Amino acid sequence: MAVRLDDIGPLKPVLDRHPLGLATDIDGTLSPIADTPDTAAVTPLCRRYLEEISRRLEMVAAISGRAPEVAHRLVGLEGLVYIGNHGLSWWRQGREETLAEAVPYEAMIGQAKKDLAARLDLPGLLLEDKGPILALHYRLCADRQAARVAILDALAPWTTKGLRAREGRLVFELGPPLDVHKGTALTHLIETHRLSGVLYLGDDLTDVDAFKVLRHWRQEGKVSGAAVAVANPERGPEVMQEADYWVDGVPGVEWLLAAIASVVAEKRP
Ligand SMILES: [Mg+2]
């Protein structure tokens, strides 16, 4: 169970490590939860401290369920690694790259989008095409429960055909049936950057995959690391169970990033 973090002290052993990396979720972590994906914005303080941290760490990454181009635009900083679609796509040299094993599913997802748009007549439903993933947001539907049931029903033929549907916070995501998630993305980052210290911040169930992977690396004695959950009214209990520490909402993240920035500035002037 996560312990509330209101002092940077417990993270010092991680911050002492070299090479050190920080990976963070975006929505609900760096930006307050918004009614529609288009209205979310990373707070100026989060951006400022992330920028300061990124100048001193070996790696800073944003790992999001968004398309990587959107993740890059939302955070708005160069020099970070941007991973989108929960690990399926990466932002590299100004363009999106999808993992080779996901590419064959893109045509089927395009067909699913047409089919679902035609069959689901739900005012407020938002279909978001993210390349290898189709997101169905029902936050703005008047009767969310009825919308959820209708979406599940409409998705069934596509999951029978082999696509995978994942349920998030007032959203379903239809994508390839691959074992790719934020945790596999984090492993890739740890390996490529040969990280010895790792901090991970996130607020949602999809971040739990990264929390678990980080714990595994730590238990193997390969990294020193900490998973920090961001508490918000919509988070599931599992997020708190699987994290090491928690902070309160985006203001808590701003405090934490400021504290990290000041520690690493002292150590690495
Ligand atoms: Mg989030």
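Residues numbered from 1 in each chain as written. Predicted model: local features only at pLDDT ≥ 70, side-chain atom pairs only at ≥ 80, totals over all residues. Heavy atoms only, no water.

1. Some words on helix α3 (residues 68–75)
So, step 1. Burial of α3 is extensive: six of the eight residues sit out of reach of the surface.
So, step 2. Of all the positions in α3, only Pro68, Val70, Ala71, His72, Leu74 and Val75 are classed as buried.
So, step 3. Buried positions along α3 lie against α2 (44–54), β3 (59–63), β4 (81–84), β5 (89–92) and β6 (95–98).
So, step 4. Residue Gly76 follows α3 closely and has a positive phi angle near 70°. (Buried < 20%, exposed > 50% of the residue type's maximum accessible area, 1.4 Å probe, protein only. Helix = DSSP H or I, 4+ residues; strand = E, 2+ residues; numbered from the N terminus. Contact = heavy atoms within 4.5 Å.)

2. Observations regarding unusual backbone geometry
So, step 1. Of note, the bond from His18 into Pro19 is cis; its omega dihedral lies within 30 degrees of zero at -15°.
So, step 2. A positive phi angle, near 45°, is found at Gln93, a position not held by glycine.
So, step 3. Along the polypeptide, Gln93 turns up in the loop between β5 and β6.

3. Re the nonpolar core
So, step 1. Grouped together as the largest cluster of nonpolar side chains are 42 residues, with contacts concentrated most on Val75 and Leu257.
So, step 2. Setting aside residues up to four positions removed in sequence, Leu257 forms contacts with Leu22, Leu30, Cys46, Tyr49, Leu50, Ile53 and Leu201.
So, step 3. Core analysis: the next-biggest nonpolar cluster, separate from the first, contains 28 residues, Ala2, Met59, Leu189 and Ala243 among them. (Core = buried A, V, L, I, M, F, W, Y, C linked by side-chain atoms within 4.5 Å.)

4. A closer look at the coordination of the magnesium ion
So, step 1. Taken together, the protein donors to the magnesium ion comprise Asp25 (OD), Asp27 (O) and Asp203 (OD), at separations of 2.1 Å.
So, step 2. We note that the donor set of the magnesium ion lies within a single chain, spaced as D-x1-D-x175-D. (Donors = N, O, S within 2.8 Å, 3.2 Å for Na, K, Ca; no water.)

5. Considerations on the packing of aromatic side chains
So, step 1. Tallying each qualifying case throughout the model produces two aromatic pairs.
So, step 2. The interplanar angle of 25° and the centroid separation of 6.0 Å between the aromatic rings of Tyr138 and Phe172 together place this pair among those described as stacked. Taken as a pair, Tyr138 in the loop between β8 (134–137) and α5 (144–160) and Phe172 in strand β10 (residues 171–175) lie far apart in primary sequence, 34 residues in all.
So, step 3. Between Lys161 and the ring centre of Trp158, over which it is positioned, the NZ or CZ distance is 4.0 Å.
So, step 4. Of note, Lys222 hangs over the ring of Trp217, and the distance from its end group to the ring centre comes to 5.7 Å. (Phe/Tyr/Trp six-rings, centres within 6.5 Å; stacked < 30°, edge-to-face > 60°. Lys NZ or Arg CZ within 6 Å of the ring centre and 35° of its normal.)

In short, the description is geometric, and any link to function would need to be established separately.
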